[in-house]
Amino acid sequence: MAHQYHSATEEQERGQEQGQKHGNGDGHETEAGQITDSNGVTVESALVGDGLELSYPTSEETIVDCARLDIPEAAVTALVGPNGSGKSTLLKSLSNHLDPDAGTVRIHGEDLDSFSQKELARELSVLSQENDSLGSITVEDLVYHGRYPHRGFFDSVSEEDHRAVERAIELAGIEHICDTELGQLSGGQKQLAWIAMVLAQDTDVLLLDEPTTFLDIHHQFRVLETIRQLNEQKGVTVAVILHDISQAARFADYLVAIRDGELYDWGPPEEVVTEQLLADVFGVEATVEYEPELQVLPKQALPNSRL
Amino acid sequence: MAEAQSIDEHAAVREREGWVTGRLVLFCLASAIITVVAGLIQVSFGEYSMTFVETWEAVFNPAVIFSLDAWSAFLFGTELPNMTTGSVVVWDLRLPRVFVGIIAGATLAVSGAIFQAVTRNELASPFILGVSSGAGFAVLATLVVFSGLSHLLPLVAALGGTVAFVVVYVIAWKGGTSPVRLVLAGVIVNMVFQSLQQGLFFFADDLGVVQTAIAWLTGSLTGTGWGEVRIAIVPAIVAIGIALAGSRQLNVLMLGETTARSLGMQVERVRFFLSAVAILAASVAIAVAGIVSFFGLVVPHIVRNTLGGDYRRLMVGCLFAGPALMVTADVGARLALSGTQIPVGIVTGLIGGPYFLYLMRKQHSMGEL
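Calculation notes
Residues numbered from 1 in each chain as written. Chains lettered and ligands numbered in written order. Predicted model: local features only at pLDDT ≥ 70, side-chain atom pairs only at ≥ 80, totals over all residues. Heavy atoms only, no water. UniProt positions renumbered as here; feature names shortened; annotations may be inferred. Helix = DSSP H or I, 4+ residues; strand = E, 2+ residues; numbered from the N terminus. Contact = heavy atoms within 4.5 Å. Areas by Shrake-Rupley, 256 points an atom, 1.4 Å probe, with all protein chains shown as cover. Rg over C-alpha atoms; globule rule 2.2 N^0.38 Å. Lys, Arg positive; Asp, Glu negative; His and termini not counted. Charge placed at Lys NZ, Arg CZ, Asp CG, Glu CD. Expected span 1.5 Å × (residues − 1). Buried < 20%, exposed > 50% of the residue type's maximum accessible area, 1.4 Å probe, protein only. Buried area = accessible area lost by both parts, 1.4 Å probe. Salt bridge = Lys/Arg side-chain N within 4 Å of Asp/Glu carboxyl O. Polar contact = N/O pair within 3.5 Å; in protein donor to acceptor, adjacent residues only side chain to side chain. Nonpolar A, V, L, I, M, F, W, Y, C, P; charged D, E, K, R; others polar. Core = buried A, V, L, I, M, F, W, Y, C linked by side-chain atoms within 4.5 Å. Domains from an automatic or database assignment. Phe/Tyr/Trp six-rings, centres within 6.5 Å; stacked < 30°, edge-to-face > 60°. Arc of directions from axis to C-beta.

- Chain B appears in an unreviewed UniProt entry as Cobalamin import system permease protein BtuC from Natrialba asiatica.
- Here chain B is described in UniProt, under the heading Subunit (unreviewed entry), as follows: "The complex is composed of two ATP-binding proteins (BtuD), two transmembrane proteins (BtuC) and a solute-binding protein (BtuF)."

- Labelled according to an unreviewed UniProt entry, chain A appears under the name Cobalamin import ATP-binding protein BtuD, originating from Natrialba asiatica.
- In UniProt, chain A has this text filed under Subcellular location (unreviewed entry): "Cell membrane".
- Its UniProt record gives chain A the following Subunit (unreviewed entry) comment, quoted word for word: "The complex is composed of two ATP-binding proteins (BtuD), two transmembrane proteins (BtuC) and a solute-binding protein (BtuF)."

Dropping the structure here:
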């Protein structure tokens, strides 16, 4: 296991639930509390999911049952797992789009429920997987919508809104298509425009659901580079669902592997990504090379995998 | 340095006012001119024959326009001061019909625009969510069964529309609503109310009652006067004011429910509130003009095709285009057939239907916004 949980006095003082058993995929049992990295240094979590049980209102079935999920502060965390493992569902609950049946989500130590919808949108922005394509809106107008949580009902655009939008457009590198209508853009350009919108929201935490899926390789890199820049320049905490495990391994500071709605493993990519994980979680036979850099080379699907 | 700053400031101003385009101004101006011209034509014809010059002199008669007594008579129903016969005919008999047309046109167009955003469906109209059939049923029931209440007809119509809308919302609600559920519930409620309407016709024993009912159900401005203006003007201004202020909310709502929620909007609350505003606007029109078909559906379409989908522009455009089209259609309804007037709803239906067909053939995708 790449990570260790141990009870923290801080947590006790706050009266949090203690001694809760963790049932991770590989039977690792720890107590709830703060997390440390492999060097024993405490990692601050921007976003914590505690004892989450998630299901959709339309069905009884519990989709995600996750004892504890940490999104470390000022780092890029990638959520990986096969289709239907519950990544998106988990992200929905982290962004308050889905009320958990049990458990809580805390952002910087405060319960999500204690925020109003607008307050939360100033702390946490989220880009969902499918964005209804709206043809007749210009990129700039779209990015201005990112300022919605900062504006009152009758407020006009302030100088600050203007600057935030400009920054977001610059960071996403889409100055040249500012006045173009969304309907005339390629999928990749559209995605960058949507990302610029959530950047304009100017939050400390950013959640992205498969932002690179369906994009050509050039735009995949553009998206990931934008996210990385945002993280490095402004210390924004990012949690991103990535489809491609090798991409995630190269890109993220931390990986969260999810299988069947449960947390399988958590930690820096070098420690999480193993041949065992690829077999257990993704059902593929693969070699993993650690030198000169982490590389995943998938070979074939495992015939007996239950996926 | 100073120059760079001024350029920056200029850019900021352009950004802020960016939604007011030359095209929008031109569109509104053209609509306003059409409204005025159609209105002048409307007041120039009638039983009491006057020449164009005479009528226009009467319309712009300063003795009426600047007379407080006259306006108090128009707007508050006090005694009408002494005026020339021409002025009385124009100002007391013919002009109010134009004003009612303007109010009904503006409110119906705005109401349609709101419903199309709320349901994210460009086939939505004030009437898809049950408002029309509910109001129609209430009107029929009043005329046929509770004939004692017929002086309260506008109020009853608005009430019926609201009740039907609430029923639609309750049916569509299942831990929240969705555009599709709302439209489907609207179709169901419409069907039930229409059956009830048709059932009620069997109980009408008076031909006059049937004719009044039909005029209501098709939408007509015949015989409207200052009384109707008085009923409609305040709620219309309130509804339109809120609609204009809410256009940015509608723009965000158009980004999709999930995105709107992520941006911090309380989607259900905003959707319900704006729907209520749209109901109010539609009720105003129904109360004074009956159920003018196709209007709330087509006008936002025309405006969208000309000005684009930004609701800040769309709302303003609807505010001008609605009156222009309603007053023009009413000129047709009143003057097209000599000797008889047809309900304006028939004209709008006859023009609106084919126009919609044309749009459908021209555009590849339709329905989703």
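After presenting the structure, the write-up continues.
1. Here we look at the overall build of chain A
Here's step 1: Helix and strand content of chain A: 10 helices and 15 strands.
Here's step 2: Residue pairs at least 24 apart in sequence account for 65% of intrachain contacts in chain A once pairs closer than 6 positions are excluded.
Here's step 3: When the accessible area of chain A is evaluated, it comes to approximately 13600 Å², of which 44% is carbon and sulfur surface.

2. Regarding the overall build of chain B
Here's step 1: When you go through chain B residue by residue, the secondary structure sums to 17 helices and zero strands.
Here's step 2: In terms of overall dimensions, chain B is globule-like: its C-alpha atoms have a radius of gyration of 22 Å, near the 21 Å expected for 369 residues.
Here's step 3: Judged by the C-alpha coordinates and their principal axes, chain B covers about 65 × 60 × 40 Å.
Here's step 4: Residue pairs in contact within chain B that sit at least 24 positions apart in sequence constitute 76% of those at least 6 positions apart.
Here's step 5: Accessible surface, chain B: about 16800 Å² in total, of which carbon and sulfur atoms supply 68%.
Here's step 6: Within chain B, the 20 negative side-chain charges are centred at a point lying 12 Å from the centre of the 19 positive side-chain charges.

3. Brief notes about helix H14 (residues 267-289) of chain B
All names here are of chain B.
Here's step 1: Compared with the 33 Å implied by 1.5 Å per residue over 23 residues, the 32 Å span of H14 between its first and last C-alpha is a close match.
Here's step 2: Taking burial as the measure, the 23 residues of H14 include 17 buried ones, the bulk of the element.
Here's step 3: Phi turns positive one or two residues past the end of H14, at Gly 290, with a value near 75°.

4. Quick word on unusual backbone geometry
Residues and elements named next belong to chain A.
Here's step 1: With an omega of -5°, the peptide bond between Glu 291 and Pro 292 qualifies as cis.
Here's step 2: The residue Pro 292 is located in the loop between strand S14 (284-289) and strand S15 (295-301) in this model.
Here's step 3: A positive phi angle, close to 55°, is found at Ala 74, a residue other than glycine.
Here's step 4: Here Ala 74 is to be found in the loop between strand S5 (64-72) and strand S6 (76-80).
Here's step 5: You will see that His 108, though not glycine, has its phi angle at about 50°, which is positive.
Here's step 6: When you line up the elements, His 108 lands in the loop between strand S7 (102-107) and strand S8 (110-111).

5. Section: the UniProt feature "transmembrane region" (unreviewed entry) in chain B
All names here are of chain B.
Here's step 1: In this structure's numbering, the residues bearing the UniProt feature "transmembrane region" (unreviewed entry) are residues 24-46, 98-115, 127-146, 152-172, 179-196, 231-250, 270-299 and 341-360.
Here's step 2: This span, residues 24-46, is 91% helix and 0% strand, and a straight line between its end C-alpha atoms measures 35 Å.
Here's step 3: In residues 179-196, the share of helix is 100% and the share of strand is 0%. The end C-alpha atoms are 26 Å apart.

6. Let's talk about the interface of chain A and chain B
Here's step 1: Counting from both sides, the interface comprises 31 residues of chain A and, opposite them, 25 residues of chain B.
Here's step 2: In total, chain A and chain B occlude about 2500 Å² of area from one another, counting both sides; carbon and sulfur atoms represent 54% of this.
Here's step 3: Together, A:Gln117, A:Tyr148 and A:Phe153 form the three largest contributors to the area buried by chain A at its contact with chain B, with a combined 28%.
Here's step 4: Here A:Asp141 ties to B:Arg312 by a salt bridge, and the two come within 3.9 Å at their closest N and O atoms.
Here's step 5: Here chain A and chain B share seven residue pairs in polar contact (both at pLDDT 80 or more) between them.
Here's step 6: Elements with a minimum of two residues in the side of chain A that touches chain B: helix H3 (117-123), helix H4 (139-145), helix H5 (159-172) and helix H6 (187-200) of chain A.
Here's step 7: In terms of residue count, H4(A) provides more of the side of chain A that touches chain B than any other element does, five residues in total.
Here's step 8: In the side of chain A that touches chain B, the residues fall into 13 nonpolar, 11 polar and seven charged.

7. What about the nonpolar core?
Across soluble globular proteins, you tend to see nonpolar side chains buried next to one another.
Here's step 1: Ranked by internal contacts, the top residues of the largest apolar core, which has 162 residues, are A:Ile174, A:Leu255, A:Leu277 and B:Ile114.
Here's step 2: Per-domain counts for this core show at least three residues from each of domain 1 (33-108 + 204-273) and domain 2 (133-202) of chain A.
Here's step 3: Excluding residues that lie within four positions of it along the chain, A:Ile174 makes contacts with A:Val139, A:Ile169, A:Leu192, A:Ala193 and A:Ala196.
Here's step 4: Judged by nonpolar contacts, the second largest core, of 31 residues, contains A:Val64, A:Leu79, A:Leu120 and A:Ala239.

8. Thoughts on the packing of aromatic side chains
Residues and elements named next belong to chain B.
Here's step 1: All told, the structure shown has 15 aromatic pairs over all chains when counted by the stated rule.
Here's step 2: Both rings, one in Trp 71 and one in Trp 91, keep their centres 5.6 Å apart while their planes meet at 80°; by these two values the pair is edge-to-face. With Trp 71 in helix H5 (residues 68-76) and Trp 91 in helix H6 (residues 85-118), this residue pair connects regions lying 20 residues apart in the sequence.
Here's step 3: When its relative accessible area of 26% is taken as the criterion, Trp 71 is described as partly exposed.

9. Some points on helix H10 (residues 275-282) of chain A
Residues and elements named next belong to chain A.
Here's step 1: Turning to H10, its buried residues are Leu 277, Leu 278, Val 281 and Phe 282. Each buried residue of H10 lies within a common arc of 100° when the element is viewed along its axis, so the set occupies one face.
Here's step 2: Gly 283, located one to two residues past H10, shows a positive phi value of around 70°.

10. Here's the deal with the environment of B:Val209
Here's step 1: Inspection of the secondary structure puts B:Val209 in helix H10 (residues 207-218).
Here's step 2: Distance from B:Val209 to B:Met254, taken between C-alpha atoms, is 43 Å for residues 45 residues apart in sequence.

11. So, the domain arrangement of chain A
All names here are of chain A.
Here's step 1: What the domain assignment reports for chain A is domain 1 (33-108 + 204-273) and domain 2 (133-202).
Here's step 2: Between the C-alpha centres of domain 1 and domain 2 the distance comes to 25 Å.
Here's step 3: Listed as interface residues are 13 residues of domain 1 and, on the opposing side, 14 residues of domain 2.
Here's step 4: In terms of surface lost to domain 2, no three residues of domain 1 exceed His 219, Arg 222 and Thr 226, which account for 38% of the buried area on that side.
Here's step 5: With its nearest N and O atoms 3.1 Å apart, the salt bridge here joins Asp 202 to Lys 234.
Here's step 6: Remark: the boundary between domain 1 and domain 2 carries three residue pairs in polar contact (both at pLDDT 80 or more).
Here's step 7: Partitioning the side of domain 1 that touches domain 2 into residue classes produces five nonpolar, four polar and four charged.

12. Some details on the pattern of salt bridges
Here's step 1: Counting across every chain of the model gives 13 salt bridges over all chains.
Here's step 2: Close ionic contact of A:Arg167 with A:Asp202 constitutes a salt bridge, the shortest N to O distance being 3.7 Å. With A:Arg167 in helix H5 and A:Asp202 in the loop between H6 and strand S10 (205-209), this residue pair connects regions lying 35 residues apart in the sequence.
Here's step 3: Residue classification places A:Asp202 among the partly exposed residues on the basis of a relative accessible area of 28%.
Here's step 4: If you follow the salt bridges from partner to partner, you end up with A:Asp141, B:Asp310 and B:Arg312 in one network.

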